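Structural overview for review
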Amino acid sequence: MANEEDDPVVQEIDVYLAKSLAEKLYLFQYPVRPASMTYDDIPHLSAKIKPKQQKVELEMAIDTLNPNYCRSKGEQIALNVDGACADETSTYSSKLMDKQTFCSSQTTTNTSRYAAALYRQGELHLTPLHGILQLRPSFSYLDKADAKHREREAANEAGDSSQDEAEEDVKQITDSRSEHERQYLLCQGSSGVENTELIKSPSEYLMMLMPPSQEEEKEKPVAPSNVLSMAQLRTLPLADQIKILMKNVKVMPFANLMSLLGPSVDSVAVLRGIQKVAMLVQGNWVVKSDILYPKDSSSPHSGVPAEVLCRGRDFVMWKFTQSRWVVRKEVAAVTKLCAEDVKDFLEHMAVVRINKGWEFLLPYDGEFIRKHPDVVQRQHMLWTSIQAKLEKVYNLVKETMPKKLDGQSGPTGLVSGDQRVQVAKTKAQQNHAFLERELQRRKEQIRASAVLPGVRIKEEPMSEEEEDEQEGEEEEEPMDTSPSGGLNNRLANGLPAGRAVGGDSFNGHPPPGCANTPVARELRAFVEATFQRQFVLTLSELKRLFNLHLASLPPGHTLFSGISDRMLQDTVLAAGCKQILVPFPPQTAASPDEQKVFALWESGDMSDQHRQVLLEIFSKNYRVRRNMIQSRLTQECGEDLSKQEVDKVLKDCCVSHGGMWYLKGTVQS
């Protein structure tokens, strides 16, 4: 007990428990109490208690003689409330706003730990509080004039029928006995009969002062609609936990769901529960439509009943089982729902990509598909049933349904994730050789054109196979910079195609002799200046910067004659840059323009060698750790390579994300 020497007892006070007002004592909390208000001012207050509503209205007198009181405002308010003719029912009998009304609201349901204390003559008297009320200013008196007028009209038409308002009767209490009532805060009698509860052992006494909270045991938490406490969530049954989480999150991988539920939860039980409230889409779980739109509900936008909303949202979910992309206009055309309802469906499970459509929110979860083939098969059967219903309701014709791939098992249009990956790999392998040959051909032609600008280079005719590959590549990756590139009236950088430079191209390159034109010189200057600052750019980002550059130019500038994407790329290659064939992952969401990566190869500074080594690394790796980059740079450039030099080349060309390094513009979130 060494601490007692440092904290000696200076006084002992007897504590008494008073119970006379135990079931009647309330604590009122005021937002602002006048500094001059004391206990003696209480007789100037009056309270109106509404027992049925469990509310208290308190009226506080206002000092109308205070120099800060605006008398004209007070008279105007009294006139607005009571009118010109004052009577016994007037709110302000003095024809002046001389009082303010406060209305109560309950702050807490558990007041067992709170008490009012009164210290008198060396004794501390405690009275438990029955309730705590917060009083806020009430302005209902502003509507009393209209209410009185309506009451008079009702009385004239239907007679005096106040029977319906009997339960709302208001009781007036003046508090004239406040000093007498205050005595009840003292323990009545000194025999100690009332204080037998305080004759306890120290441990029992502490238990009485701080009893264990019983709220969790007595009252089960009610699941909130938008804000969820994980502590409350875990007190609910497992099925309710899963339902609430899915209703709030809407789309979730199974691994994330297990991490939220906790390590002690059985995954088999979770699998059973999740299938009752969600459907499997691309290996992820999406909450069922009837959970979000229960029976007898309707759309807040159009008033459409829940049944129609569920059918429309099921169509969107089904579309995402067929493809990662959905077009909003197509959904609206099929479901005949308003744009706001369709947008709500899509925002539940997708993210919008400019000029592309809506992409499914989460990546394909192949790990879950491999681990739980029985669940996948069961979900497949459910989707087959839903597909049949959608075909019948929406009269979907074969052209609307996705085509079945050769050798594919299962229902029409259902393509597994493994099949998509295999198709993407095969396609990449087929196109890789052609792209390398095409790149080399372009470089040779550009070099020859730069030396002999007036000479047309004749190329060997391509085989039919090469021509087919080139046509397929051009159809698959359109090079138009316009957002409406798929329309017949195609645009190049916002200009009609007929005005674009390169209309008479030779094997896709600018016509001979155009390298020294004003347009070519201006474009070359822009490209060189841009890559001296950025070092690495995707074609998509380069086109964005070029359009910003165009917007800064004066009207009639030579670059407004139109620049095609092919001419822009050729200029980049001729300006000392190279295309880096970054091996993007098969499931990438990057567009063709985002997958075309260009980097400054030779700038004439000391960092060229470092940058070239780094770019060689990324021509074989989509993402790399820093230690691998450091090791390769040290191996190629010597042991004396400093950390500052490594940091510089990384800053110039790369970005860091999740502990890995990527070339600029290639990170897919």
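Reading the values: the criteria
- Residues numbered from 1 in each chain as written.
- Predicted model: local features only at pLDDT ≥ 70, side-chain atom pairs only at ≥ 80, totals over all residues.
- Heavy atoms only, no water.
- Helix = DSSP H or I, 4+ residues; strand = E, 2+ residues; numbered from the N terminus.
- Buried < 20%, exposed > 50% of the residue type's maximum accessible area, 1.4 Å probe, protein only.
- Contact = heavy atoms within 4.5 Å.
- Areas by Shrake-Rupley, 256 points an atom, 1.4 Å probe, with all protein chains shown as cover.
- Phe/Tyr/Trp six-rings, centres within 6.5 Å; stacked < 30°, edge-to-face > 60°.
- pLDDT = per-residue confidence, 0-100.
- Polar contact = N/O pair within 3.5 Å; in protein donor to acceptor, adjacent residues only side chain to side chain.
- Pairing = 2+ DSSP bridges.
- Axes fitted to C-alpha atoms, helices over the stretch in contact; angles between N-to-C directions.
- Salt bridge = Lys/Arg side-chain N within 4 Å of Asp/Glu carboxyl O.
- Core = buried A, V, L, I, M, F, W, Y, C linked by side-chain atoms within 4.5 Å.
- Arc of directions from axis to C-beta.
- Parallel < 35°, antiparallel > 145°, perpendicular 65-115°, else oblique.
- Left-handed = near helix turned anticlockwise from the far one by under 90°.
- Nonpolar A, V, L, I, M, F, W, Y, C, P; charged D, E, K, R; others polar.

**Side note on the overall build of the chain**
Along the chain, the regular secondary structure elements total 25 helices and 22 strands. Burial status across the chain gives 34% buried among its 669 residues. Taking all contacts inside the chain whose residues are at least 6 apart in sequence as the whole, residues at least 24 apart take part in 67%. When the accessible surface of the chain is summed, it comes to about 40900 Å², and 52% of that surface belongs to carbon and sulfur atoms.

**Let's talk about the packing of aromatic side chains**
All chains considered together, the criterion is met by nine aromatic pairs. Between Phe-315 and Tyr-394, the aromatic rings sit 5.7 Å apart at their centres with planes inclined by 70 degrees, giving edge-to-face as the arrangement. Of this pair, Phe-315 sits in helix 12 (residues 306-322) while Tyr-394 sits in helix 16 (residues 373-394); the two residues are 79 residues apart in sequence, bridging distant segments of the chain. You'll find Phe-315 and Tyr-394 in the same group, each marked buried. When the centroid spacing of 5.4 Å and the interplanar angle of 45 degrees are considered together, the rings of Phe-584 and Tyr-622 count as tilted.

**With respect to the confidence of the model for the chain**
Interpretation of this model should avoid reading the predicted coordinates in detail wherever pLDDT is low. Taken as a whole, the chain shows an average pLDDT of 74; of its residues, 68% reach a score of 70 or greater. For residues 39-44, every residue scores under 50 in pLDDT, and the model assigns this stretch eleven contacts once sequence neighbours within four places are set aside. Below a pLDDT of 50 lies the segment residues 160-170, which in the model reaches eight contacts outside its immediate sequence neighbourhood of four places, other chains included.

**What about helix 10 (residues 267-277)?**
Of all the residues in helix 10, the buried ones are Ala-269, Val-270, Leu-271, Gly-273, Ile-274, Gln-275 and Val-277. In this structure Asp-266 caps helix 10, since a side-chain oxygen of it lies 3.3 Å from the backbone nitrogen of Val-268.

**Some thoughts on the sheet that holds strand 7 (residues 123-128)**
Pairing is mixed in the open sheet, where three strands are placed in the order 1-7-6. Edge strands, defined here as strands with exactly one partner in the open sheet, are strand 1 (14-17) and strand 6 (115-120). Adjacent strand axes in the sheet meet at a mean angle of 25 degrees, parallel and antiparallel pairs treated alike. Pairing of strand 1 with strand 7 involves four bridges; the strand directions are parallel. Following the sheet pairing, Leu-17 is matched in strand 7 by Leu-126.

**Here's the deal with the pattern of salt bridges**
Here the structure, examined in full by the defined rule, presents 18 salt bridges. As a salt-bridge pair, Arg-71 and Glu-75 come within 3.6 Å of each other at their nearest N and O atoms. Linking Arg-71 with Glu-75, this pair stays in helix 2 (residues 71-82), spanning four residues, or about one helical turn. When salt bridges that share partners are traced, they join Arg-324, Arg-353 and Glu-359 into one network.

**Some points on the sheet that holds strand 13 (residues 325-326)**
The strand order 13-15-14 describes an open sheet built from three strands, whose pairing is antiparallel. With one partner strand each, in any of the chains shown, strand 13 and strand 14 (350-353) form the two edges of the open sheet. Pairing of strand 13 with strand 15 (residues 357-360) involves two bridges; the strand directions are antiparallel. Bridge assignment links Trp-325 to a residue of strand 15, and that residue is Glu-359.

**Section: the environment of His-380**
Its location among the elements puts His-380 in helix 16. For His-380, a relative accessible area of 21% gives the class partly exposed. Along the primary structure His-380 and Thr-321 are separated by 59 residues, whereas in three dimensions their C-alpha atoms are 9.8 Å apart.

**Comments concerning unusual backbone geometry**
Backbone geometry places Gln-121, a non-glycine residue, at a positive phi of 50 degrees. Turning to its location among the elements, Gln-121 is positioned in the loop between strand 6 and strand 7. Phi at Lys-250 is positive, roughly 75 degrees, even though this residue is not glycine. Assignment of secondary structure puts Lys-250 in the loop between helix 8 (238-249) and strand 10 (251-252).

**Things to note about the nonpolar core**
Formed by 54 residues in total, the largest nonpolar core has its most connected members in Met-246, Trp-285 and Phe-320. Examining the composition of this core, we find that eight residues originate from one element, helix 12, more than from any other. Apart from residues lying up to four places away in sequence, Phe-320 is in contact with Val-281, Gln-282, Trp-325, Val-326, Leu-346, Met-349, Ala-350, Trp-358, Glu-359 and Phe-360.

**Concerning helix 14 (residues 339-349)**
What helix 14 keeps buried is the set Asp-341, Val-342, Phe-345, Leu-346, His-348 and Met-349. Within helix 14, the buried residues cover an arc of 155 degrees as seen down the axis, which keeps them to one side.

**Section: the packing of helix 23 (residues 608-618) against helix 25 (residues 643-653)**
Interaxial distance between helix 23 and helix 25 falls to 10 Å at its minimum, and their mutual angle equals 60 degrees. Comparing the axis directions of helix 23 and helix 25 gives the class oblique. In terms of crossing hand, the pair formed by helix 23 and helix 25 is right-handed. When helix 23 is examined against helix 25, the residues His-610, Arg-611 and Leu-614 are found in contact with a partner set consisting of Glu-645, Val-649, Leu-650 and Cys-653. Among the residues making up the contact of helix 23 with helix 25, the classes are represented as four nonpolar, one polar and two charged.

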